[in-house]
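# Overview (structure and organization)
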Amino acid sequence: PSIWGVVREELAAGLPPSTFRLWIDPLRPVSVQGTTLYLAASEATCAWVERRYAGAIEAALQRHDRGLTRIVLVRATAELDRVRAVQLSSRRDRAA
């Protein structure tokens, strides 16, 4: 699994299922830059997760990948989804 998949599994094990589904499940990794993992979700989800769970997410991230030390939550938009799709497509092309 990806680093985000491993972190999600750890968070799922430590949170009530309804809390995980509501606040953590909607988060989508969109980029890694340096030591930062960028996660996207709706504005409301980003605000709530930042206040309540950012520390727990960062701690789990650091336990599984010493090179990543922080997260930044960004508002998901159709443009962000399009950029991500292009990035994934170009990675697949390079791997082929």
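What this report covers is the structure whose coordinates are included nearby. Being a predicted model, the structure only gives us computed values, none of them experimental. (Residues numbered from 1 in each chain as written. Predicted model: local features only at pLDDT ≥ 70, side-chain atom pairs only at ≥ 80, totals over all residues. Heavy atoms only, no water.)

Inspection of the secondary structure assignment puts Ala 44 in helix α3 (residues 43-52). Between the alpha carbons of Ala 44 and Trp 23 there is a distance of 9.6 Å; along the sequence they are 21 residues apart. (Helix = DSSP H or I, 4+ residues; strand = E, 2+ residues; numbered from the N terminus.)

The next point concerns the packing of aromatic side chains. Two numbers describe a pair of aromatic rings. These are the distance of the centres and the angle of the planes. Counting across every chain of the model gives 1 aromatic pair. Seen from their ring centres, Trp 23 and Trp 48 are 5.0 Å apart, and the 25° between their planes marks the pair as stacked. Of this pair, Trp 23 sits in helix α2 (residues 17-24) while Trp 48 is found in helix α3, placing the two residues 25 residues apart along the sequence. The exposure class assigned to Trp 23 is buried, which follows from its relative accessible area of 18%. By relative accessible area, Trp 48 is classed as partly exposed at 26%. Sitting over the face of the ring of Trp 48, Arg 52 holds its NZ or CZ atom 4.0 Å from the ring centroid. (Phe/Tyr/Trp six-rings, centres within 6.5 Å; stacked < 30°, edge-to-face > 60°. Buried < 20%, exposed > 50% of the residue type's maximum accessible area, 1.4 Å probe, protein only. Lys NZ or Arg CZ within 6 Å of the ring centre and 35° of its normal.)

Moving on: the pattern of salt bridges. Applying the stated criterion to the full structure yields 2 salt bridges. The residue Asp 25 makes a salt bridge to Arg 8 at a minimum N-O spacing of 3.0 Å. Taken together, the residues Asp 25 in the loop between α2 and β1 (28-33) and Arg 8 in helix α1 (residues 3-14) connect sequence positions 17 residues apart. The class for Asp 25 is partly exposed, based on a relative accessible area of 27%. We note a salt bridge from Arg 63 to Glu 10, for which the minimum N-O separation is 2.2 Å. Separated by 53 residues along the polypeptide, Arg 63 in helix α4 (residues 54-64) and Glu 10 in helix α1 bring together distant segments of the chain. Assessed through its relative accessible area of 51%, Arg 63 is described here as exposed. For Glu 10, a relative accessible area of 27% gives the class partly exposed. (Salt bridge = Lys/Arg side-chain N within 4 Å of Asp/Glu carboxyl O.)

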